[in-house]
Amino acid sequence: MRFDTDCLHAGYRPGNGEPRNIPIVQSTTFRYETSEDMGKLFDLEASGYFYTRLQNPTSDAVAARLCALEGGSAAMLLSSGQAATFFAVFNIASAGDHVVCSSAVYGGTYNLFAVTMKRMGIDFTFVDPDCAVDELDAAFRPNTKAVFGETIANPALTVLDIEKFAKAAHAHGVPLIVDNTFATPALCRPFQWGADIVTHSTSKYLDGHAAALGGAIVDSGNFDWDAHGDKFPGLTTPDDSYHGVTYTKKFGQGGAYITKAVVQLMRDFGSTPAPMNAWLLGMGMETLPLRMERHCSNALRVAQYLQGHGKVAWVRYAGLPGDRYFDLGRKYLPKGCCGVVSFGVEGGRAAAERFMAGLELASIATHVADAKTCVLHPASATHRQMNDAELAAAGVSPDLVRLSVGLEDPDDLIADLGHALERV
Ligand SMILES: *Cc1c(COP(=O)(O)O)cnc(C)c1O
């Protein structure tokens, strides 16, 4: 089926007389007739449900829908985007390993990598996403296990040259993991450009209504773990904690990575989404293409308005002709560059804060990418743990205002912005 149809139907086909919507299976556990039946599930000899920490029918149906939308081989849902980022990397990297990461990433991702996972013994090298190929190549080490970047970086709004990053990753025998939160598969499908694994904070556009936190990981099934078996022993040699199963042997190239993340990491960390939250995500995805189209057209109009306003110092939106990422946007995001626009208010940090206080329709929220317009000053919120040099490397200037353009009538949004700018 085509993309818009999959948004509505992929992952769940009701049988005769069954509920037309994905049922919410609000149960921790599942009943079996014999211990032998259950034992087969624990041995991964049969597939079925036994405990919602590992798998739940509602979550699985929604994961299968997202898997279809990204064009992947397997997918899983998690309780948050942070959990998805952590699992995606930790599934293939452990103490003593190294990961190459674009410096333009979400503040929470930066902290998870540079502080928390570093404490777990994993080293990260952050590279400018616009760096030359040889500079990117120079960041790799013999113990590098993955490359990580964001399709559209939050909040820097840089567009990742996915092909460049994929080529570098593959030349060094490791997968490229792309956080596709801002683009969603409605605007970009990173697997088409060589990415191997996609992560999401589904809390943003995929849910779309700021209703439920969630995360997801989708595997393309394209990365040949066995061809680089020495780098990925966790996938290619027996797992003693799971009855000696070898994931690539038993679940194949398309199933090994997600199965390991579910039966090993989800078992041990328990970052499981509530069935209700998974259901909300599935419902949100039904209207994804319609919403993304409107987010994109509204954002472009707002960006054009801001660009022509005397009190606005600069505007960053890859859909604007002349933007530094316009060409990469045209290539990777031909349908639009999402609803997030960033800009600087003339007068710097203090002026930006006065501008935000003057908004009436747009609310100040530590959220982004949902139906209602909201606005944030990253330097005093999501990125406040960074010093000025780290802020600059992440593409966040002290005057940067991140505006998440919602689905309101664009004329109302522009009027609100105009009033607030007048009062600066
Ligand atoms: C919000 C966000 C995350 C973290 O997701 P949570 O659901 O808030 O845990 C990760 N990556 C990007 C790009 C995000 O915008």
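All of these numbers come straight from a predicted model, not from anything done at the bench.

Caption draft 1: How the structure looks around the overall build of the chain. Secondary structure summary: the chain contains 16 helices and 12 strands in total. Each of the three principal axes of the chain carries a C-alpha extent, and together these read 70 × 55 × 35 Å. In the chain, the proportion of contacts linking residues at least 24 apart, taken out of those at least 6 apart, comes to 73%. If you sum the accessible surface of the chain, you get close to 17,100 Å²; carbon and sulfur atoms cover 51% of it. The average position of the 35 basic charges and that of the 47 acidic charges among the side chains of the chain differ by 1 Å.

Caption draft 2: Molecular detail of unusual backbone geometry. Omega for the peptide link from Asn154 to Pro155 comes to 5°, which places this bond in the cis form. Note on placement: Pro155 falls in the loop between strand S4 (144-150) and helix H7 (162-171). The phi angle at Thr184 is positive, at roughly 60°, despite the residue not being glycine. Within the secondary structure, Thr184 is located in helix H8 (residues 184-187). In this structure Thr184 comes out as buried when scored by relative accessible area, which is 0%.

Caption draft 3: Molecular detail of the site of the ligand. Around the ligand sit 14 residues in total, of which Asn154, Asp179, Ser201, Ser203 and Lys204 are the nearest. Within the backbone of Gly81, an N or O atom sits 2.9 Å from an oxygen atom of the ligand. Taken by itself the ligand offers 380 Å² of open surface, and the protein chains cover 93% of this.

Caption draft 4: The arrangement of the packing of aromatic side chains in detail. This model, assessed by the stated rule, comprises 17 aromatic pairs. For the pair Phe42 and Phe50, a centre-to-centre distance of 4.3 Å together with 40° between the ring planes defines the contact as tilted. On the basis of relative accessible area, Phe42 is assigned to the partly exposed category, the value being 39%. An angle of 25° between the planes, with centres 6.4 Å apart, marks the rings of Phe124 and Phe126 as stacked. Grouping aromatic residues by their ring pairs yields a cluster made of Tyr110, Phe113, Phe124, Phe126 and Phe148. The lysine or arginine in question, Lys204, covers the ring of Tyr106, its NZ or CZ lying 5.2 Å from the ring centre.

Caption draft 5: Examining the domain arrangement of the chain more closely. In terms of domains, the chain is made up of domain 1 (3-283) and domain 2 (288-422). The distance between the C-alpha centroids of domain 1 and domain 2 comes to 28 Å. Contacts between the two partners involve 38 residues from domain 1 and, on the opposite side, 41 residues from domain 2. Carbon and sulfur atoms make up 66% of the area that domain 1 and domain 2 hide from each other, which totals about 3,300 Å².

Conventions adopted
- Residues numbered from 1 in each chain as written.
- Predicted model: local features only at pLDDT ≥ 70, side-chain atom pairs only at ≥ 80, totals over all residues.
- Heavy atoms only, no water.
- Helix = DSSP H or I, 4+ residues; strand = E, 2+ residues; numbered from the N terminus.
- Contact = heavy atoms within 4.5 Å.
- Areas by Shrake-Rupley, 256 points an atom, 1.4 Å probe, with all protein chains shown as cover.
- Lys, Arg positive; Asp, Glu negative; His and termini not counted.
- Charge placed at Lys NZ, Arg CZ, Asp CG, Glu CD.
- Buried < 20%, exposed > 50% of the residue type's maximum accessible area, 1.4 Å probe, protein only.
- Near = heavy atom within 4 Å.
- Polar contact = N/O pair within 3.5 Å; in protein donor to acceptor, adjacent residues only side chain to side chain.
- Phe/Tyr/Trp six-rings, centres within 6.5 Å; stacked < 30°, edge-to-face > 60°.
- Lys NZ or Arg CZ within 6 Å of the ring centre and 35° of its normal.
- Domains from an automatic or database assignment.
- Buried area = accessible area lost by both parts, 1.4 Å probe.

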